[in-house]
There are 2 protein chains.
Amino acid sequence: MKYVFGVDVGGTTVKMGYFDLEGNLIDKWEIPTRTEDNGKNILSDIAKSITAKMNEKSIDKAEVAGVGIGVPGPVTDDGTVLVAVNLGWGRCNPNDELGKLLDMPVKTANDANVAALGEMWKGGGTGYKDMVAVTLGTGVGGGVIIGGKVISGSNGAGGEIGHIHLEDNETEECGCKGHGCLEQYASATGIVRIANKKLAASDKASVLRDGEVTAKAVWDAVKAKDELAIEVAGVYGEYLGKGLAAVAAVANPEIFVIGGGVSKAGTVVIEYMQPYFEKYAFPGTKNAKFVLAKLGNDAGIYGAAKLVLA
Amino acid sequence: MKYVFGVDVGGTTVKMGYFDLEGNLIDKWEIPTRTEDNGKNILSDIAKSITAKMNEKSIDKAEVAGVGIGVPGPVTDDGTVLVAVNLGWGRCNPNDELGKLLDMPVKTANDANVAALGEMWKGGGTGYKDMVAVTLGTGVGGGVIIGGKVISGSNGAGGEIGHIHLEDNETEECGCKGHGCLEQYASATGIVRIANKKLAASDKASVLRDGEVTAKAVWDAVKAKDELAIEVAGVYGEYLGKGLAAVAAVANPEIFVIGGGVSKAGTVVIEYMQPYFEKYAFPGTKNAKFVLAKLGNDAGIYGAAKLVLA
């Protein structure tokens, strides 16, 4: 065995890569995700693309340890995808289906959990075995790794930390139909929502009044010492710190690795959260480290490859 | 190998038992916990008691798989006790120390986690592998089991679910020095606290005005349809449901097993919580089952024995 493939299936593109067994990325590429007809072409497109790459690089099947695949939806330990709305998929098992198409071992897991595994293998969490990855993107995702293994959960809903309930007084609905979930405050959308509320509630001067309010604009303003933006960061930080304190009371990780689009703002996203984490966390869990994710959009293909080798 | 010993070390007594390898309890007994001199006699007392029992029952060392031991404090995966305040212990490792005294394999873990393992093996969670045990006693403890293995956490603080922060407006301090922990509402002490507040805040008639307010008295009054007691149960249920929903968003267990002194009131302790769990839980985690623990005070010796066999 010399190589392993990693596949990260998103709603618009499928990211793919192959690695040597030490985890060095040799090549990566993308194909479009064909979600029409309930996404029935997605797995065969992936199989064709992998076969084409193997031909291009003269890789023999006997040299490939297998293919790992991350899917945006709940996945149980045996690789059963319960549903993947953004792909048009109902219940299916890529371990079997893609495995047959390629005649190679295939391992499937949830995309957020796979990204967590990637960050543990070659990213911000390298060297740790008890780690929680937190993805601050359009939503808030999580991947909880204990003893080097991702917690999938009995319905593939392990690590759904964005839906920890934190606010009884929330009137707006979360994507999950709940009210007051962590995701409503700590995602990119959540930060914009907090900012717009603050802007509407006061006449305080702010650079945020001058252009489109985005999560990036908020963090840029925080760095420029804009008072209102700093208030927004405080609200974000208190909810996120409280949520991660709850995660710590359950899993007591050594390290949190913070990734996703929001984390591109840098360590400032940790600085405004950590004091609240320390305020709300159980004493025995307070010394958790916080670092930024390192692999960006490649975390998924790294982690998918690691799934096969784990 | 024919037998395995299980030891549950408490602040006043050490519970001990031995089992066949299928988990049938053959005999159990107790010895006092000698906490004086920083608890330096506890492990040698245990060793002597096990040796005496082996002599009494003509058990040969070669017939014993080992000794499991549950300790009231944080314990890491290698059996290191970080501290056990109620025993007078600082950092120590009973795997090594008791192992030397007995010349047998010894495995140590946190007492709540060990009790969880016992309930999974032979109690309310039999047949399940992704399980959370919740102990509603003087405090609120937890044991999170994933794939049949207890999550100890990097500092032995895995499953400290009683210290999930739930209430920003709490003025009283929790035992952990935090404010608004689950334990402040769902423990026996917490229920009494809620009841006393309700009694002081209104003139509503209640049987709770007639005697000592204990958790048992509250649940008896709930069963007798006492309105004020039902309000107390509602407050307890909302906090516990919210806390367990957070646990479910992290670990997505198949089943919660509810034990501890408070649970002696019966399924009523689940009935007042479950609607709130369903209100606050992420959809993919809502179908978790809830059952009562079955082993009572013996859960610890069962789980300690299972530690050795796991």
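Bear in mind the structure is a predicted one, so any value in this text is a computation, not a measurement.

### What about the nonpolar core?
Okay, step 1: Val218 of chain A together with Val218 of chain B are the most contacted members of the largest nonpolar core, which totals 206 residues.
Okay, step 2: Setting aside anything within four residues of it in sequence, one finds Val218 of chain A in contact with Ile191, Ala195, Leu208, Val213, Ala229 and Val232 of chain A.

### Notes on the environment of Thr135 of chain B
Residue and element names in this part refer to chain B.
Okay, step 1: Residue position: Thr135 is located in strand β6 (residues 131-136).
Okay, step 2: Sequence separation between Thr135 and Ala115 is 20 residues; the distance between their C-alpha atoms is 9.0 Å.
Okay, step 3: In this structure, Thr135 is in contact with Ala112, Ala115, Val140, Gly141, Gly142, Gly259 and Gly260, ignoring residues within four places of it in sequence.

### Regarding the interface of chain B and chain A
Okay, step 1: Contacts between the two partners involve 34 residues from chain B, matched on the other side by 33 residues from chain A.
Okay, step 2: When residues in the side of chain B that touches chain A are grouped by element, the largest group, 7 residues, is from helix α8 (residues 227-251) of chain B.
Okay, step 3: Partitioned by chemical class, the residues of the side of chain B that touches chain A number 18 nonpolar, 12 polar and 4 charged.

### Side note on the relation of the copies chain B and chain A
What connects the two chain copies is a rotation about an axis and a shift along it.
Okay, step 1: Superposing chain B onto chain A takes a rotation of 180° plus a shift of 0.0 Å along the axis, which leaves an RMSD of 0.0 Å. Such a turn and shift between the copies fits a two-fold axis.
Okay, step 2: When the interface residues of chain B are mapped onto chain A, 97% of them again lie at the interface, so the same face is used by both copies.

### Brief notes about the sheet that holds strand β3 (residues 25-32) of chain A
Residue and element names in this part refer to chain A.
Okay, step 1: Strand order in the open sheet made by the 5 strands is β3-β2-β1-β4-β5, with mixed pairing throughout. Here the strands that pair on one side only, and so sit at the sheet edges, are β3 and β5 (106-110). Across this sheet, the average inter-strand angle for adjacent strands is 20°, counted without regard to direction.
Okay, step 2: Judged from the 5 bridges that link them, strand β1 (residues 3-9) and strand β4 (residues 64-71) form a sheet pairing that is parallel. Within β4, the position partnered with Asp8 by the bridge is Gly70.
Okay, step 3: Contacts from helix α3 (residues 94-102) reach β4 and β5, with the element oriented near 145° to β5.

### Quick word on the pairing of β3 of chain A
Residues and elements named next belong to chain A.
Okay, step 1: Of all the 8 residues making up β3, 0 are buried; the element is thus mostly uncovered.
Okay, step 2: The sheet contact formed by strand β2 (residues 13-20) and β3 spans 7 bridges and is antiparallel. By the bridge assignment for β3, Met16 is matched with Trp29.
Okay, step 3: Turn length for the β2-β3 hairpin, with the two strands adjacent in sequence and antiparallel, is 4 residues, and the turn residue Gly23 shows positive phi of about 95°.

### Focus: the sheet that holds strand β10 (residues 289-292) of chain A
Residue and element names in this part refer to chain A.
Okay, step 1: A sheet is described by the order of its strands in space; here 5 strands give the open sequence β8-β7-β6-β9-β10, paired in mixed fashion. Where the open sheet ends on each side, the last strands, each with one partner, are β8 (149-150) and β10.
Okay, step 2: Where strand β7 (residues 140-146) meets β8, 2 bridges bridge the pair, whose relative direction is antiparallel. Counterpart to Ile145 in the pairing with β8 is Val150.
Okay, step 3: Lying over the sheet, helix α8 (residues 227-251) contacts β6 (131-136), β7 and β9 (255-259), oriented at roughly 155° with respect to β6.

Rules used throughout
Just so you know, the residues in each chain are numbered from 1, in the order the chain's sequence is written. Chain letters start at A and ligand numbers start at 1, both assigned in the order the entries are written. This being a predicted model, a pLDDT of at least 70 is required before a residue's local features are given, and a value of 80 or more before pairs of side-chain atoms are given or counted; all residues contribute to the totals for chains, interfaces and linings. We call a set of buried Ala, Val, Leu, Ile, Met, Phe, Trp, Tyr and Cys residues a nonpolar core when their C-beta atoms link them within 7 Å. Any residue with 12 or fewer other C-beta atoms within 10 Å of its own C-beta is exposed, any with 20 or more is buried, and the rest are partly exposed; the C-beta atoms used are placed from the backbone. Note on contacts: each residue gets a C-beta atom placed from the backbone, and two residues are in contact if those atoms are within 7 Å. A helix here means a DSSP run of H or I that spans at least four residues, while a strand means a run of E at least two residues long, and both kinds are numbered starting from the N terminus. Note on residue categories: nonpolar means Ala, Val, Leu, Ile, Met, Phe, Trp, Tyr, Cys or Pro, charged means Asp, Glu, Lys or Arg, and polar means any other residue, Gly included. In this comparison the copies share one frame, found by least squares on the C-alpha atoms of residues holding pLDDT of at least 70 in both. When DSSP finds two or more bridges between a pair of strands, those strands are recorded as paired. Lines fitted to C-alpha atoms define the axes, with helix axes restricted to the stretch in contact, and inter-axis angles between N-to-C directions lie between 0 and 180 degrees.

Bear in mind that shape data such as this cannot, by itself, settle questions of function.
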